[in-house]
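# Fold and geometry: a report
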Amino acid sequence: MAQQLLLKIICDHQGTLDYADLADIGCGADMICALDKLVENDVFSIAECNGNKRIFAKTKVRRCKAQQCDGCNDLHLCKFYLFGDCKNSRGRRTCRFGHDLHSEHNSIVLREHKLETLSRQELRQLLLQNDNSLLPPVCNSYNKGTGPYGKCPDQEGCGRLHVCDRYIRGTCSSGADCNRCHDFFEPHPRRTLQQRGVPNDLMASMLSTYQNIQAMKSEGAGGAGSINRPQSCPQRDTVRNEICLFFVKGDCKQGEKCWRVHFNMPYKWEVKDGQTWSALPENEAIERDFCDPSKIHSDGSDRVRFDSMTRGFSEVHRLSTVSSVTQPTYVLTTEWAWFWEDEYSQWVQYASIKEMHRLSSITSEDLEKRYQEDQSAVVKFTAGQQSYELSFRDLTQKNTTYGTIRMVRRRPVFVSTVDAQAARSRRNGPRNPSQNFRAVPGFWDKSAIPDIGYKTVTLLSSDRDYQKVQELFNKTMRGFQITSIERVQNRDLWEVFQWYVYINSHSQS
């Protein structure tokens, strides 16, 4: 159990984690003590990065490359499905590789290696840094010589990665004077990665993935399999776009060594001036406007346009903590809400009671979980008698019968300065210190959640809560008729319940 939990945590942190962060993320002493044995069993690798011990996720599992396999110990998975989208599975051509992570064969393989709790995104990270058939190797010939292609005889036609090897290792000190490529978005490396099936949304993470691969190779070359003989590893990526969860709650121990952004709120709006990003002074006001799905720009004279992420002619971006569905045991993660625009230009949250649109079989939380797994997915759901398809890529909702298309927007739930301080205070109080202060079930009616006490919500017969209670009721109370079913929404009781679940799960692991 400790191995599975630790592996899941590390894979969710781009496949690697500083040893010092283990205690901060809730790993107990027994789990940390078990690391030595897990390293010996090739489950993890430990190397030294900038004077700090760093843990890397390892596995012996590989992806089977045979189109028709009678039986092996590898995963039967299409690499394009693993990366997020296989076009052949949706078109006329039939893909012969697997598209079911939990097929009978794959389930057996995952259980044997204790990987069954990993999401597709976490498994993808694990395989990317361990299965050398998924990513192209760095071209050694390109890194020799002085010409634009070094000594690579294939030049533009080379199928290996034309990126500075020393840049990946963190030892390139030439900077602008180095004529090797230092950007995975350059035409040649980008095209080479795309030919292997790597989508654009994974390009930004390629540097850290190749750094992980290089670090584990260095560890293996040194013959070390023990915590006591760490090897060297490259510098981590200096591009920071995620707010540190430890700092925002007030206790990051890494200081300047932390690769995440240190800010006192779970979001930060910045504007680009030349090559420098600087904080916008209207941070909370811009965030409040952004959380309103009906708004396409912020208020005031210097408007931030949310569709183009610009202010005037300057580029703007929004930094934030990770999504609450990926780290449900942390405070001040970002809760995302999903909305669709109805025929009256009103933005309605999925599974809410606004405008009587409470018939959706899917909630905002459901959509966010699916979005975190695969940002190019098309999600099918129903509302009443109608069936729909929601495209994450296009942010549209289509009625499969009539072809009607509605716009979809994904916006965060607003957190004020006062809210953030309340979340930090609750962390030290009698409530669950590991829960996001807004982390109530996604299917609850958000307009009926008082801070104190409770409210009841009358359920419609089409609600899944209603149907679930009705099914259980009819098993033992046959011959009786249900007149109404109400859900009691009490934030305090929910947090107490979550606290017991948290304690129970961690005591078992």
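An account of the accompanying structure is given in this report.

Cut-off values and rules
- Residues numbered from 1 in each chain as written.
- Predicted model: local features only at pLDDT ≥ 70, side-chain atom pairs only at ≥ 80, totals over all residues.
- Heavy atoms only, no water.
- Helix = DSSP H or I, 4+ residues; strand = E, 2+ residues; numbered from the N terminus.
- Buried < 20%, exposed > 50% of the residue type's maximum accessible area, 1.4 Å probe, protein only.
- Contact = heavy atoms within 4.5 Å.
- Areas by Shrake-Rupley, 256 points an atom, 1.4 Å probe, with all protein chains shown as cover.
- Core = buried A, V, L, I, M, F, W, Y, C linked by side-chain atoms within 4.5 Å.
- Polar contact = N/O pair within 3.5 Å; in protein donor to acceptor, adjacent residues only side chain to side chain.
- Phe/Tyr/Trp six-rings, centres within 6.5 Å; stacked < 30°, edge-to-face > 60°.
- Lys NZ or Arg CZ within 6 Å of the ring centre and 35° of its normal.
- Pairing = 2+ DSSP bridges.
- Axes fitted to C-alpha atoms, helices over the stretch in contact; angles between N-to-C directions.
- Salt bridge = Lys/Arg side-chain N within 4 Å of Asp/Glu carboxyl O.

Across its full length, the chain carries 15 helices and 15 strands. When each of the 509 residues of the chain is scored for burial, the buried share is 45%. Taking as baseline every contact in the chain between residues at least 6 positions apart, the subset at least 24 positions apart corresponds to 57%. For the chain, the exposed area adds up to about 26700 Å²; of that, 48% sits on carbon and sulfur atoms.

Moving on, we come to the nonpolar core. For soluble globular proteins, nonpolar side chains are generally found buried alongside one another. In terms of nonpolar packing, the biggest core is built from 49 residues, with Leu123, Phe184, Leu193, Met206 and Tyr210 touching the most fellow members. Elements that contribute at least two residues to this core include exactly α1 (2–12), β2 (44–49), β3 (52–57), α4 (79–83), α5 (104–112), α6 (120–128) and α9 (206–221). No other element matches α1, which puts five residues into this core. Among all residues touching Phe184, those that are not within four sequence positions of it are Leu161, Val163, Tyr167, Ile168, Pro189, Arg190, Leu193, Met203, Met206, Leu207 and Tyr210. Within the second largest apolar cluster, 22 residues are counted, among which are Cys291, Phe306, Leu332 and Ala423.

Here the focus is the side chain of Ser376. Positionally, Ser376 belongs in the loop between α12 (364–373) and β10 (378–383). One polar contact links Ser376 to Asp374, side chain to side chain, over a distance of 2.9 Å. Apart from residues lying up to four places away in sequence, Ser376 is in contact with Gly84, Asp85 and Arg393.

Bringing the packing of aromatic side chains into the picture now. Inspection of every chain in the model, using the stated rule, returns nine aromatic pairs. Judged by centre distance (5.2 Å) and plane angle (80°), the rings of Trp269 and Phe290 are edge-to-face. Linking Trp269 in strand β4 (residues 267–273) with Phe290 in helix α11 (residues 283–290), this pair joins segments that are 21 residues apart in sequence. Note on Trp269: relative accessible area 0%, which makes it buried. With centroids separated by 5.8 Å and ring planes inclined at 45°, the aromatic side chains of Trp269 and Phe306 adopt a geometry described as tilted. Here the residue Trp269 occupies a position in strand β4, and Phe306 occupies one in the loop between α11 and β6 (310–311), the gap between them amounting to 37 residues. Three or more aromatic residues joined by ring pairs form one cluster here, namely Trp269, Phe290 and Phe306. The cationic tip of Arg180 hangs over the ring face of Tyr142; the distance from NZ or CZ to the ring centre is 4.6 Å.

Tracing the chain through its elements places Gln489 in strand β15 (residues 486–489). A relative accessible area of 0% places Gln489 in the buried class. Looking at Gln489, its side chain comes within polar contact range of the side chain of Arg487, at 3.2 Å. With residues near it in sequence (within four places) discarded, Gln489 still touches Trp444, Asp445, Ala448, Ile449, Pro450, Gly453, Tyr454, Lys455 and Val457.

This brings us to the sheet that holds strand β13 (residues 405–412). Pairing is antiparallel across the open sheet formed by six strands, whose spatial order is β9-β8-β13-β12-β11-β10. Where the open sheet ends on each side, the last strands, each with one partner, are β9 (347–349) and β10. Sheet twist, expressed as the mean angle between neighbouring strand axes with direction ignored, is 30°. Alignment of β10 against strand β11 (residues 386–391), held across six bridges, turns out to be antiparallel. When the bridges of β11 are listed, Val378 appears paired with Ser391. Strand contacts of α12: β8 (336–341), β9, β10, β11 and β13, with the helix running at about 105° to β8, the strand carrying the most contacts.

Tallied over the full model, the rule gives 15 salt bridges. The shortest N-O distance in the salt bridge between Arg305 and Asp307 comes to 3.2 Å. For Arg305, a relative accessible area of 33% puts it in the partly exposed group. Judged by relative accessible area, Asp307 falls into the exposed class, the value being 55%. Salt-bridge contacts for Arg487 lead to Asp465; the nearest nitrogen and oxygen are separated by 2.7 Å. Of the two residues, Arg487 is situated in strand β15 and Asp465 in helix α14 (residues 464–476); the sequence distance between them amounts to 22 residues. By the burial criterion, Arg487 is buried, and Asp465 matches it. A single salt-bridge network, built from bridges that share partners, covers Asp289, Lys295 and Asp299.

As a further point, take unusual backbone geometry. One non-glycine residue, Met309, adopts positive backbone phi at about 50°. Note on placement: Met309 falls in the loop between α11 and β6. Phi at Ser345 takes a positive value of approximately 65°, unusual for a residue other than glycine. Here Ser345 shows up in the loop between β8 and β9.

Take the sheet that holds strand β5 (residues 276–279) next. Overall, antiparallel pairing links the four strands, which are arranged β5-β4-β7-β6 in an open sheet. The sheet terminates laterally at β5 and β6, the two strands that pair on one side only. Against the sheet, α11 makes contact with β4 and β7 (314–320), and its axis sits at roughly 110° relative to β4, the strand it touches most.

A separate point is the environment of Gln421. Looking at where Gln421 falls in the secondary structure, it is placed in helix α13 (residues 417–427). Here Gln421 falls in the partly exposed class, since its relative accessible area comes to 44%. The spacing of Gln421 and Val248 is 173 residues in sequence and 9.9 Å in space, taken between C-alpha atoms.

This next bit is on the pairing of β7. Pairing analysis gives five bridges linking β4 to β7, with the strands arranged antiparallel. When the sheet's bridge partners are listed, Trp269 is paired in β7 with Arg318. Bridge analysis of β6 against β7 gives two bridges, and the strand direction is antiparallel. Counterpart to Arg311 in the pairing with β7 is Ser314. Counting the residues that bridge the hairpin from β6 to β7 gives two residues, and of these Gly312 lies at a positive phi of roughly 65°.

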